[in-house]
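# Per-entry structural report
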Amino acid sequence: MPMNAPASNPADLFTETAFTRKKRRTEMLAQGLFGTMTLAMVIPLALILGYLAYKAAPLLSWDFLTTNPTHGMRKGGIWSALLGTIYLVVLSLCISAPIGVLAAVYLNEYAKDNWFNRIVNLAVVNLAGVPSIVHALFGLGAFVLFARLDRSILAASLTLAIMTLPVIIASTKEALASVPVSFREACWNVGATRWQTIQAIVLPNSISGILTGVILQVSRTAGETAPIMFTGAVFYRNIPEGNLFAYGIKDQCMALSMHLYTVTTQVTNAPEALPYAIAVTLLGTVLLINATAIVFRVWLRTRKKW
Amino acid sequence: MNPATLDPTLGASEVQIGITTRDLCLWYAKFQALHNINVDIKKGIITSLIGPSGCGKTTLLRCFNRVNERYGNVTTQGEIKLLGKNIYDPDVSLIELRKSVGMVFQRPNPLPLSVYENVVFGLRIHDEKGLKKSELDDAVEKALTEVGLWSDLKDRLDAKAITLQLEQQQKLCIARLLPLKPEIVLMDEPCSALDVNGTRAIEELMFKLKGRYTIVIVTHNMAQARRCSDECIFMLLGQLIEHSRTAEMFVTPKFPKTAEYIEGRYG
C-alpha cells in the first residue's frame, strides 16, 4: 500500500490552507511594495518632464534654438550653447568610445589574470568613482596648461573623455563578460584566433550592451558642468547663427549645462521660462544623440552578421 | 526480469489513477504543442514519456504542476486531474500543488547552498511552526539515506552543493523533493547529463521510490524507458500515439509509427 494514502476526499487536494493563505498575502504585499517602488520612480520622472515642458513652453521655438543669446542672456536664444554642447559630446565620445571599448576588449578577451592586469582593473574601477571636479583640475593641468591646448573645445572634450573612459570600460567589460564562454570555446575549437572570435561572435553578441553603456555616457557628458568650466566653456560667445561649423576645435564655446548654471545663478531678471527652456533643450539634445545611437544599433542588427 | 512484474499495484483489482488529462491542448503563442491529450497515468508506478525531440513530452510533463504558466504566451485548454482533483479548479493553490508535485530537471539544479540547506529548503519555506534543529537533521538523514547519498555526504553536509559530482547533484535534487512528501515526481530526462554509473544509480533510486510516489519520466533513451518504466507513452507531433505497458509496447507496438520509432532507435 502506498505510504501517501490518497486523501479521503480528492476535492480537498491542493487547496489553500491557512498557512498558504498567509503566504499568498505576504506575496501580494511584496509584489505591491515592489510595484509601488517602481511607480515611485516613474511618477517623479513623468512629473519632472511634464513640469519642465509646461514651464518652458512660452519660450520654446525654432528661433530660440537657432539664435544667439542677447541682452546679457535675457533675450534671444541658445544657439551657441546648443552647438557647443553638441561639439563637446560628440568630440569627447569620439575620443572615449573607441579607446574605452577597445581597452575593455583587451582587458576582457586578451589580458591574463596577473597582478598587472588586476591593478589596471582596480585603477579603472577607482577612476570611475573620481568626482568630476577632480577630472576638471586634471584637465586644466594636463591639457590646458601642459599640452598648451589652452581653454578650448578640444581640451574640454579630452577632459570629458577622461571622465567617461573608465565608465565605458567598465560597462563594456560587463557586456563582453555576458557572452557565454562556451561560444568562445566553440570558436577556438575550430581554430579561430582570438580576434576572429571577437569579431564574429563576441562583439555581435555584446554590441547592444556596449552601446547602451556608451549611450548612458552621452547624458553624463552633456550634463556635466565642472569639467568644462575650467577647460573650455565660457559665459558668453557670439557665433554665426545657423552655421553648424561655427566652432573650431581650438575655440572656446558655450555649453547648455553651463549656460543653465549661469542663467539661474548669475543673470538677474532673466525670463522665468528661460532656465526651463534650456533644460528641455539639454534633455532633447541628449535624447536626440541617444536616438542616433539606437538607430545605429538597429542598423548594425539588420546587417544580419551583427 | 521486467520491473513491471514486480509492481504490486499493477495486478490489484482496482487501479488508482494518478494523473488524468482530458482533451488537453496547449499553445505556445500560435504554435499548438499539444493536441487533445487524453491519458490516465496510474498511481505508484513509473510511466515513461518517449518520442522524438519536439513531440511535446516535456511540455506535457510541465503541465502537471502548471509550471508552464510561468512562461508568457502559453494557453492551456482541457482538463488535468491529479489524484482526482482538477488542478485548474479555482480553489487550487499553486503553492500546494507544486509542493505535492515535484520536478527533477535535465541538468541537475542544486541551489547554491550547502547540501544540508538544499535538502531542508522545501521544509523551511513550508514551515509554519518553526521546525526544531533535530527535526531538520532527521529529515536530512532520511532524505539523503533514501537517495543513497547519506554515507558519502554525512560528513560533508556543509559542502556547497554545486561542488558535488553531477550524479550526486542529481540525487540531491531528488532528495530535495522528498521531505515535502510529494505525491508525484516528474523527471525531465534526469539522466541525460550523467554517465552510465550515474544513470544506473538514478534508475535504482527510481525503483526504490516507486510505489510511494507516482513517477513520470521523460527520456530519449529507449533502453532506459524499457528498463525502468512500467508503462510507456509514445508521443509524436504533439499527439499521444500509444500508451501501453512497457513490455507490450516494446515487443508488440500497436501502431506502425511507434514501431518505427522504437526500431529506428535500435538501428
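Here goes a summary of the coordinates provided. (Residues numbered from 1 in each chain as written. Chains lettered and ligands numbered in written order. Predicted model: local features only at pLDDT ≥ 70, side-chain atom pairs only at ≥ 80, totals over all residues. Heavy atoms only, no water.)

### Thoughts on the interface of chain B and chain A
Between chain B and chain A, the residue contacts involve 24 residues of the former and 14 residues of the latter. Carbon and sulfur atoms make up 63% of the surface buried where chain B meets chain A, a total of about 1,700 Å² over both sides. Interface area lost by chain B to chain A is led by B:K85, B:E96 and B:R212, which between them contribute 27%. Put simply, chain B and chain A have zero salt bridges between them. The tally of links from chain B across to chain A stands at four residue pairs in polar contact (both at pLDDT 80 or more). At four residues, the largest contribution of residues to the side of chain B that touches chain A is made by helix α4 (residues 94-100) of chain B. Across the side of chain B that touches chain A, the residue classes break down as nine nonpolar, six polar and nine charged. (Contact = heavy atoms within 4.5 Å. Buried area = accessible area lost by both parts, 1.4 Å probe. Salt bridge = Lys/Arg side-chain N within 4 Å of Asp/Glu carboxyl O. Polar contact = N/O pair within 3.5 Å; in protein donor to acceptor, adjacent residues only side chain to side chain. Helix = DSSP H or I, 4+ residues; strand = E, 2+ residues; numbered from the N terminus. Nonpolar A, V, L, I, M, F, W, Y, C, P; charged D, E, K, R; others polar.)

### Things to note about helix α10 (residues 256-265) of chain A
When we look at burial in α10(A), the residues that qualify are A:L256, A:S257, A:M258, A:H259, A:T262 and A:V263. At its buried positions, α10(A) is contacted by β1 (69-70), α3 (79-110), α8 (194-223), α9 (226-229) and α11 (273-302) of chain A. (Buried < 20%, exposed > 50% of the residue type's maximum accessible area, 1.4 Å probe, protein only.)

### A short note on the sheet that holds strand β2 (residues 31-42) of chain B
Spatial strand order, β2-β1-β4-β5 (chain B): four strands in an open sheet with antiparallel pairing. The open sheet has two edge strands with one neighbour each: β2 and β5 (85-86) of chain B. (Pairing = 2+ DSSP bridges.)

### A word on the nonpolar core
Core analysis: the largest hydrophobic core is formed by 49 residues, its most contacted members being A:L83, A:L88, A:I228, A:Y247 and A:L256. The set of elements that each furnish at least two residues to this core consists of α3, α6 (153-177), α8, α10 and α11 of chain A. Considering each element in turn, this core owes the most residues, 11 residues, to α3(A). Aside from chain neighbours lying at most four places away, what touches A:L88 is A:I153, A:A156, A:S157, A:L160, A:T221, A:I228, A:C253 and A:A255. Among the nonpolar cores identified, the runner-up in size contains 36 residues, and B:V147, B:V185, B:M206 and B:Y213 belong to it. (Core = buried A, V, L, I, M, F, W, Y, C linked by side-chain atoms within 4.5 Å.)

### A closer look at the pattern of salt bridges
What the rule picks out here adds up to 17 salt bridges over all chains. For B:K85, the salt bridge goes to B:D89, with nearest N and O atoms at 3.8 Å. Residue classification places B:K85 among the buried positions, given a relative accessible area of 3%. Classification of B:D89 by relative accessible area gives partly exposed; the value is 27%. One connected set of salt bridges, linked through shared partners, spans A:E16, A:R21 and A:R24.

### Topic: the side chain of A:S157
Residue and element names in this part refer to chain A. By the secondary structure assignment, S157 is in helix α6. For S157, a relative accessible area of 0% corresponds to the buried category. If near-sequence neighbours (up to four positions away) are discounted, S157 is found in contact with Y87, L88, L91, S92 and I95.

### Remarks on the pairing of strand β1 (residues 17-28) of chain B
Residue and element names in this part refer to chain B. Summarising the sheet, β1 and β2 pair through eight bridges and their orientation is antiparallel. Residue pairing for β2: Y28 is matched across the bridge by F31. Two successive antiparallel strands, β1 and β2, enclose a turn made up of two residues, where A29 displays a positive phi of approximately 50°. By the bridge criterion, eight bridges tie β1 to strand β4 (residues 74-82) in an arrangement that is antiparallel. Bridge pairing links R22 to E79 in β4.

### Comments concerning the pairing of strand β8 (residues 214-218) of chain B
Side-chain direction in a regular strand flips from residue to residue, so the side chains alternate between the two faces of the sheet. All names here are of chain B. With five of five residues buried, β8 lies mostly within the body of the structure. Of the two faces of β8, the one carrying T214, V216 and V218 and the one carrying I215 and I217 are both buried. Pairing of strand β3 (residues 46-50) with β8 involves four bridges; the strand directions are parallel. Counted as the bridge partner of T47 is V216 from β8. Pairing between strand β7 (residues 184-188) and β8: five bridges, direction parallel. Residue pairing across strands places M187 opposite I217, the latter belonging to β8.

### Thoughts on the packing of α3(A) against α8(A)
Residue and element names in this part refer to chain A. The contact between α3 and α8 brings their axes to 9 Å, and the two run at 145°. Of the two elements, α3 crosses α8, and the hand of that crossing is right-handed. Contacts from T85, L88, V89, S92, L93, A97, V101, V105, E109 and Y110 in α3 reach R194, W195, I198, V202, L203, I210, V214, Q217, V218, T221 and A222 in α8. In the contact of α3 with α8, the residues fall into 15 nonpolar, four polar and two charged. (Axes fitted to C-alpha atoms, helices over the stretch in contact; angles between N-to-C directions. Left-handed = near helix turned anticlockwise from the far one by under 90°.)

### Side note on the packing of aromatic side chains
All names here are of chain A. Within this structure, the stated rule accounts for seven aromatic pairs over all chains. Plain terms: the ring middles of Y51 and Y276 are 5.7 Å apart, the flat faces sit at 85° to each other, and that makes the pair edge-to-face. Here Y51, found in helix α1 (residues 18-56), pairs with Y276, found in helix α11; they are 225 residues apart in sequence, far enough to count as distant. Judged by its relative accessible area of 44%, Y51 is partly exposed. (Phe/Tyr/Trp six-rings, centres within 6.5 Å; stacked < 30°, edge-to-face > 60°.)

### Focus: the environment of A:S206
Residue and element names in this part refer to chain A. Assignment of secondary structure puts S206 in helix α8. A relative accessible area of 2% means that S206 is categorised as buried. Setting aside residues no more than four positions away along its own chain, S206 makes contact with A175, L176 and V179.

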